[in-house]
Amino acid sequence: VQLQAFGGGLVQGGGSLRLSCAASGSISSIKAVGWYRQAPGKQRELVARIGSSGRIYYVDSVKGRFTIFRDNANKISYLQMNSLKPEDTAVYYCAADSRGSWLPDDYWGQGTQVTVSS
């Protein structure tokens with residue numbers, strides 16, 4: 001499975017961005033997909049996750065602002081980010097699970113930089 005993330009960029013605070021993650025390869029093995037982020041000097045954190053059943057998790061700091069969704073037919077997942085804040089600045093990674101574990105960490109896309117100006 002190969003994942004490719006794109007859609008990052010520079011945006012003013014309060015703005016929106018949509019990140020996309022395209023999957024290729026043995027995508028039938030993919031169960032949960034998720035988005036992580038890592039800010040400078042901080043640990044990587046799971047931002048959002050959507051399971052194969054559609055169950056969704058968000059870290060508290062993005063609830064009500066970010067939306068994760070997946071389009072299985074087109075082999076892609078998205079992270080819609082609204083009301084962005086400077087503290088959302090980070091490198092964002094998409095990831096996927098194939099083992100049925102809760103954390104999607106079997107496959108990783110390359111990071112995409114999101115920078116939110118104040």
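Residues numbered from 1 in each chain as written. Predicted model: local features only at pLDDT ≥ 70, side-chain atom pairs only at ≥ 80, totals over all residues. Heavy atoms only, no water.

Draft legend 1. Looking closely at the sheet that holds strand 7 (residues 66-71). A sheet is described by the order of its strands in space; here four strands give the open sequence 1-3-8-7, paired in antiparallel fashion. Every other strand in the sheet has two partners, leaving strand 1 (2-6) and strand 7 as the edge strands with one partner each. Each strand of the sheet is rotated relative to its neighbour by a mean of 15°, with strand direction disregarded. The pairing of strand 3 (residues 17-24) with strand 8 (residues 76-81) spans six bridges and is antiparallel. Looking across to strand 8, one finds that cysteine 21 is bridged to serine 77. (Pairing = 2+ DSSP bridges. Helix = DSSP H or I, 4+ residues; strand = E, 2+ residues; numbered from the N terminus. Axes fitted to C-alpha atoms, helices over the stretch in contact; angles between N-to-C directions.)

Draft legend 2. A look at unusual backbone geometry. Of note in this structure, serine 83 is not a glycine but carries a positive phi near 50°. Along the polypeptide, serine 83 turns up in the loop between strand 8 and strand 9 (90-96).

Draft legend 3. Region of interest: the packing of aromatic side chains. Under the criterion given, the structure shown has four aromatic pairs. Look at tyrosine 57 and tryptophan 102: their rings are 5.1 Å apart centre to centre, the planes differ by 75°, and that puts the pair in the edge-to-face class. Pair noted here: tyrosine 57 is in strand 6 (residues 56-58) and tryptophan 102 is in the loop between strand 9 and strand 10 (107-108), with a separation of 45 residues, a long-range link. Judged by its relative accessible area of 30%, tyrosine 57 is partly exposed. The exposure class assigned to tryptophan 102 is partly exposed, which follows from its relative accessible area of 45%. Cluster of aromatic residues (ring-pair linked, three or more members): Tyr36, Tyr93 and Trp108. Here the basic side chain of arginine 44 rests over the ring of tyrosine 93, its NZ or CZ set 4.2 Å away from the ring centre. Above the ring of tryptophan 108, the side-chain terminus of arginine 44 is found at 4.6 Å from the ring centroid. (Phe/Tyr/Trp six-rings, centres within 6.5 Å; stacked < 30°, edge-to-face > 60°. Buried < 20%, exposed > 50% of the residue type's maximum accessible area, 1.4 Å probe, protein only. Lys NZ or Arg CZ within 6 Å of the ring centre and 35° of its normal.)

Draft legend 4. Representation of the environment of glycine 15. Inspection of the secondary structure puts glycine 15 in the loop between strand 2 (9-12) and strand 3. In this structure glycine 15 comes out as buried when scored by relative accessible area, which is 18%. The sequence separation of glycine 15 and leucine 84 amounts to 69 residues, and the corresponding C-alpha distance is 5.5 Å. Other than its neighbours up to four places away in sequence, glycine 15 contacts Met81, Asn82, Ser83 and Leu84. (Contact = heavy atoms within 4.5 Å.)

Draft legend 5. Expanded view of the pattern of salt bridges. Counted under the stated rule, the structure contains six salt bridges. Notably, a salt bridge pairs aspartate 88 with arginine 37, separated by 3.0 Å at the nearest N-O pair. A residue pair is termed long-range when its members are at least 10 positions apart, and aspartate 88 in the loop between strand 8 and strand 9 and arginine 37 in strand 4 (residues 33-38) qualify at 51 residues. Look at aspartate 88 and you get buried, because its relative accessible area is 1%. Classification of arginine 37 by relative accessible area gives buried; the value is 6%. Taking the shortest distance from any N to any O, the salt bridge between arginine 99 and aspartate 106 comes out at 2.6 Å. (Salt bridge = Lys/Arg side-chain N within 4 Å of Asp/Glu carboxyl O.)

All we've got here are geometric facts, nothing functional implied.
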